[in-house]
Amino acid sequence: MAMATSTQLSSSLFHSQITKKPFLLPPAAATISVHGFTTRSGKSLSLSYRSSVSASSASSTVEVNETVKKSTRTLPFRVGHGFDLHRLEPGYPLIIGGIDIPHDRGCEAHSDGDVLLHCVVDAILGALGLPDIGQIFPDSDPKWKGAASSVFIQEAVRLMDEAGYEIGNLDATLILQRPKISPHKETIRSNLSKLLGADPSVVNLKAKTHEKVDSLGENRSIAAHTVILLMKK
């Protein structure tokens, strides 16, 4: 039998994808290659629309696996960012960086609502390529109800140590309209350094108001951002 031309093969394959009917390549005296599928002498190859989808799915799986492998590579340093925000409500304590700050409102949250420690935990987890704090310590789990956020910090530090990293430096920003943080800033920074097991010289803390704009500026919420650099030990 004479070998089918590439034009005939492409036309038949296109027709099979439209009709969803299998397309059979005829036996040939030499190797035939069509869109990445190969058959050799004396054998027929069945190609269908479903085969095309399966190949695509397999390719996606490989890509996902490769991404996971890359995220767990040993790197000389890793960078993470954390963010958290909580509503401020009367009748709750305002705890920032593990320090109880005098105020007429506090964070309404499942745990103690420490916005600074929560975003520091997320920054560490992010740098390590791990799930966020809500997945590791879900608010649907009653055992975390009212829990001190220092527990979350301890777990994040443990994971960091196990991965063979230490803190290069950390920069955090608190955003709230009231109360003024400046009288408490050094106490918060010192305690945060202690919880992280880091030298205070590599832990920085800033505080900003929100210029009376939206819930942050109206003293109805508090937020924090953290950027962290982890270095290989």
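- Per an unreviewed UniProt entry, the protein goes by the name 2-C-methyl-D-erythritol 2,4-cyclodiphosphate synthase and belongs to Eruca vesicaria subsp. sativa.
- Entered under Subcellular location (unreviewed entry) in the UniProt record, the comment concerning the protein runs "Plastid, Chloroplast".
- Database annotation for the protein, UniProt heading Sequence similarities (unreviewed entry): "Belongs to the IspF family."

**Describing the pairing of strand S11 (residues 221–232)**
No. 1: For strand S5 (residues 77–89) and S11, the ladder comprises 11 bridges, and the chain directions are antiparallel. Across the sheet, the residue bridging to Phe-83 is His-225, located in S11.
No. 2: In this sheet, S11 lies alongside strand S9 (residues 165–175) in antiparallel orientation, the contact comprising 10 bridges. In the strand pairing of S11, Glu-166 is matched with Met-231.

**Structural notes on unusual backbone geometry**
A negative phi angle characterises most non-glycine residues, just as the trans form characterises most peptide bonds.
No. 1: Of note, the bond from Arg-178 into Pro-179 is cis; its omega dihedral lies within 30 degrees of zero at -5°.
No. 2: On the secondary structure map, Pro-179 appears in the loop between S9 and helix H6 (185–196).
No. 3: Backbone geometry places Glu-211, a non-glycine residue, at a positive phi of 50°.
No. 4: You can see Glu-211 is positioned in the loop between strand S10 (203–208) and helix H7 (214–217).
No. 5: The exposure class assigned to Glu-211 is exposed, which follows from its relative accessible area of 65%.

About the criteria used
- The residue numbering used here restarts from 1 in each chain and proceeds along that chain's sequence as written.
- Since the coordinates come from a predicted model, pLDDT governs what is reported: local features require at least 70, and pairs of side-chain atoms require 80 or more to be given and counted, while whole-chain, interface and lining totals use all residues.
- Water and hydrogen atoms were dropped before computing side-chain values, which therefore reflect all heavy atoms in the structure.
- UniProt positions are given in the numbering used here, feature names are shortened, and annotations may be inferred rather than shown by experiment.
- Only when DSSP finds a minimum of two bridges between them are two strands counted as paired.
- Working definition: helices are DSSP H or I runs of at least four residues, strands are E runs of at least two. Numbering for both runs from the N terminus.
- Only protein chains enter the area calculation, which uses a 1.4 Å probe; residues under 20% of their type maximum are buried, those over 50% are exposed, and those in between are partly exposed.

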